[in-house]
Amino acid sequence: MLVAISDREFRQLRDVIRERFGIFYDDTKQFLLQSRLQTRLVKRSVTDFGQYYRFLMMHPEREKEWDELASVLSNNETYFFRERAQLEVLTTEVVQDSVRPGGGKLRVWSSACSTGEEPFSLAMALLETRRLLPGQIEIKGSDISPRALGMCSVGFYRELSFRATPPEVIQKYFQPFSGGFTISDEIKRMVQFFRINLLDEQAVSKAGPVDAIFCRNVLIYFDKPTQKRVVEAFAKALRPRGYLFLGHAESIMRLTDLYEAVVTPKAIYYRLKADAR
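Residues numbered from 1 in each chain as written. Predicted model: local features only at pLDDT ≥ 70, side-chain atom pairs only at ≥ 80, totals over all residues. Heavy atoms only, no water.

(A) Quick peek at the overall build of the protein chain. Scanning the protein chain from terminus to terminus reveals eleven helices and ten strands. A globule of 277 residues ought to have a C-alpha radius of gyration of about 19 Å, and the protein chain, at 20 Å, matches this closely. When its C-alpha atoms are laid out on the principal axes, the protein chain stretches across 60 × 50 × 35 Å. With 277 residues in all, the protein chain has 51% of them scored as buried. Long-range pairs, those at least 24 residues apart, make up 72% of the contacts in the protein chain between residues at least 6 apart in sequence. Within the protein chain, the 35 negative side-chain charges are centred at a point lying 2 Å from the centre of the 41 positive side-chain charges. (Helix = DSSP H or I, 4+ residues; strand = E, 2+ residues; numbered from the N terminus. Rg over C-alpha atoms; globule rule 2.2 N^0.38 Å. Buried < 20%, exposed > 50% of the residue type's maximum accessible area, 1.4 Å probe, protein only. Contact = heavy atoms within 4.5 Å. Lys, Arg positive; Asp, Glu negative; His and termini not counted. Charge placed at Lys NZ, Arg CZ, Asp CG, Glu CD.)

Okay, structure coming up:
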């Protein structure tokens, strides 16, 4: 049986979650938040949401609980080679524009990488171009969820993660294991994982400079001021004229004037303006 949440408790929890993570639950999402937090009430042996709010604010173990909450509230829906048209932009235009003959690295950041399918897809797609050696590719993967990052380090995936992956790619870069597949050490070594809160503008800036940032299907969970804050922080991590890839349902054109949209028949992406900073 679900523990009920009062309107006051909902607003208290919603506001501190937005302040901490940027995730915004409007009034229509009260039942969703109530449902997602039920397991945390049980784990912490509290009987109502008021006690849980006070736990988050004052308990000596509150930081550990915030880490758990980051995992509970994260949406980990992802799979390999998602939105392939954007990957094609990466392997053609970004590679051509960013890698100079005779040396240099291509640096790409998957900023909300969940369980790792996206940054590993970037690595495989770039290797498949045969224009770059592993040593010329530097990929970063970050997330706010410690649990998701733990899965990245293991590199084990089940069938659902491969619904858009060509069979020849699975055969080349994965090994069957215990009802699923583990990713090859070659690909795993190409990605550096770390934890980040995208509201931490200083940490976001330090993740650069990179040639391209992928932040797909994340901004939809933020309110408009938080969206603006995050994409403007990205501008400080991108090299001049760098690339920003968002989810197909996300747009930043009315949020900031730091980027220009590039619209192609198959993909939409953004480039940092030459005079932006």
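(B) Fine view of unusual backbone geometry. With an omega dihedral of 0°, the bond running from Gly-208 to Pro-209 counts as a cis peptide bond. For Pro-209, the location among the structural elements is in the loop between helix 10 (201-206) and strand 7 (210-215). Not every positive phi belongs to a glycine, and Arg-130 is a case in point at roughly 60°. Here Arg-130 shows up in the loop between helix 6 (117-128) and strand 2 (137-143).

(C) Here's a closer look at the sheet that holds strand 1 (residues 106-110). Pairing within the open sheet is mixed, and its seven strands lie in the order 6-2-1-7-8-10-9. Two strands lie at the open edges of the sheet, namely strand 6 (191-195) and strand 9 (259-263), each paired on one side alone. Strand-to-strand twist across the sheet, computed as the mean angle between neighbouring axes with direction ignored, equals 20°. Strand direction decides the pairing type here: strand 7 and strand 8 (residues 238-246), joined by five bridges, are parallel. Each residue of the ladder has a partner; that of Val-210, found in strand 8, is Leu-238. Packed onto the sheet, helix 5 (residues 84-98) meets strand 1, strand 7, strand 8 and strand 10 (268-272) and runs at close to 175° relative to strand 8. Relative to strand 6, helix 7 (residues 146-154) is tilted by about 160°, and along the sheet it contacts strand 2 and strand 6. (Pairing = 2+ DSSP bridges. Axes fitted to C-alpha atoms, helices over the stretch in contact; angles between N-to-C directions.)

(D) Layout of the environment of Cys-215. Along the chain, Cys-215 falls in strand 7. Discounting residues that sit within four places of it in the chain, Cys-215 has contacts with Ser-111, Leu-198, Phe-234, Phe-245, Leu-246, Gly-247 and Glu-250.

(E) Quick peek at the sheet that holds strand 3 (residues 156-157). Taken together, three strands build an open sheet; the order of strands is 3-5-4 and the sheet is antiparallel. The open sheet has two edge strands, strand 3 and strand 4 (174-177), and neither has a second partner. Pairing of strand 4 with strand 5 (residues 180-183) involves four bridges; the strand directions are antiparallel. Paired with Phe-174 across the strands is Ile-183, a residue of strand 5.

(F) Structural view of the state of the cysteines. According to the stated counting rule, one finds zero disulfides in the structure shown. Counting only cysteine sulfurs, Cys-113 is the nearest neighbor of Cys-152, a cysteine outside any disulfide, at a range of 4.1 Å. According to the relative accessible area criterion, Cys-152 is buried, its value standing at 0%. Of the cysteine sulfurs around Cys-215, a residue in no disulfide, the closest is that of Cys-113, at 11 Å. Looking at Cys-215, the relative accessible area reads 1%, which means it is buried. (Disulfide = S-S within 2.5 Å.)

(G) A look at the nonpolar core. Judged by nonpolar contacts, the single largest core of 50 residues is most densely connected at Leu-73, Trp-109, Phe-234 and Tyr-259. Mapped onto this core, the elements with two or more residues apiece are helix 1 (7-21), helix 2 (30-43), helix 3 (49-58), helix 4 (62-73), strand 7, helix 11 (224-237), strand 8 and strand 10. At six residues, helix 11 tops the list of elements feeding residues into this core. Those residues in contact with Tyr-259, other than ones at most four positions away along the chain, are Val-231, Phe-234, Ala-235, Leu-238, Leu-244, Ile-252, Tyr-270, Arg-271, Leu-272 and Lys-273. (Core = buried A, V, L, I, M, F, W, Y, C linked by side-chain atoms within 4.5 Å.)

These figures come from the coordinates and say nothing about function on their own.
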